[in-house]
Amino acid sequence: TALIRSRVTGTAADSTRAVQFETIMNFNCFDCTPVLADGSGIDDQYEDRVAIYTVASKANHSCEPNASWYTRDVLGTRVVRSIAGIRKGDEVCISYLRNC
């Protein structure tokens, strides 16, 4: 919050909008560090990148997910894949945690 507020100049309303934006990011963003081309891990060069995804953000958390996700490339392309059967009308659930 302090970083965004320190960069905002203008009215109190501008500052309020900046804080609202940061709050949205804190609660809805995903890590978007891409995987290495050989699939052996994540590309540390792009560590600390986050994004909000309009579709992937709709998936709920479960410690027994029926889908998984990863960031495919440096553009931040999010891929969600089923890892269990998902019937029409079922919720798509991913794990928000790495060790869940």
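Residues numbered from 1 in each chain as written. Predicted model: local features only at pLDDT ≥ 70, side-chain atom pairs only at ≥ 80, totals over all residues. Heavy atoms only, no water.

All right, on to the overall build of the protein chain then. Within the protein chain, the regular secondary structure consists of two helices and six strands. Taken over the C-alpha trace, the protein chain has a radius of gyration of 17 Å; the compact-globule value for 100 residues is 13 Å, which it surpasses by more than 25%. By its C-alpha atoms, the protein chain is 50 × 35 × 20 Å across when sized along the principal axes. In the protein chain, buried positions account for 22% of the 100 residues. For the protein chain, the share of sequence-separated contacts (at least 6 apart) that also reach a separation of at least 24 residues comes to 46%. In the form shown here, the protein chain has an accessible surface area of approximately 7400 Å², with 53% of it arising from carbon and sulfur atoms. (Helix = DSSP H or I, 4+ residues; strand = E, 2+ residues; numbered from the N terminus. Rg over C-alpha atoms; globule rule 2.2 N^0.38 Å. Buried < 20%, exposed > 50% of the residue type's maximum accessible area, 1.4 Å probe, protein only. Contact = heavy atoms within 4.5 Å. Areas by Shrake-Rupley, 256 points an atom, 1.4 Å probe, with all protein chains shown as cover.)

Below, the discussion takes up the nonpolar core. One finds Phe30, Cys32, Ala51, Tyr53, Ala56, Ala59, Ala67 and Ile94 forming the largest nonpolar core, which totals eight residues. What Tyr53 contacts, discounting residues up to four positions off in sequence, is Phe30, Cys32, Thr71, Gly76 and Arg78. (Core = buried A, V, L, I, M, F, W, Y, C linked by side-chain atoms within 4.5 Å.)

Working note: regular strand, side chains alternate between the two faces of the sheet. Here strand β4 (residues 67-71) runs beside strand β5 (residues 78-82); their pairing, made up of five bridges, is antiparallel. Directly across from Ser68, in β5, lies its bridge partner Arg81. Connecting the antiparallel pair β4 and β5 is a turn made up of six residues, with Gly76 showing a positive phi of about 90°. (Pairing = 2+ DSSP bridges.)

To continue, consider the environment of His61. By secondary structure assignment, the location of His61 is in strand β3 (residues 60-61). A distance of 2.9 Å separates the side chain of His61 from the backbone nitrogen of Tyr96, its partner in a polar contact. (Polar contact = N/O pair within 3.5 Å; in protein donor to acceptor, adjacent residues only side chain to side chain.)

Here Met25 shows up in helix α2 (residues 12-28). In contact with Met25, other than residues within four places in its own chain, are Val50 and Ile52.

Attention now moves to the pattern of salt bridges. Throughout the structure, instances matching the rule amount to three salt bridges. The partner of Arg72 in a salt bridge is Asp73, with the nearest N and O atoms 3.8 Å apart. A salt bridge links Arg87 to Asp90, with the nearest nitrogen and oxygen atoms 4.0 Å apart. Residue classification places Asp90 among the partly exposed positions, given a relative accessible area of 33%. (Salt bridge = Lys/Arg side-chain N within 4 Å of Asp/Glu carboxyl O.)

This part covers the confidence of the model for the protein chain. Reading predicted coordinates in detail is not appropriate for stretches of low pLDDT. Mean pLDDT for the protein chain: 83, with 90% of residues reaching 70 or above. Ranking the elements of the protein chain by mean pLDDT puts helix α1 (residues 2-7) last, at 57, and strand β6 (residues 93-94) first, at 94. (pLDDT = per-residue confidence, 0-100.)

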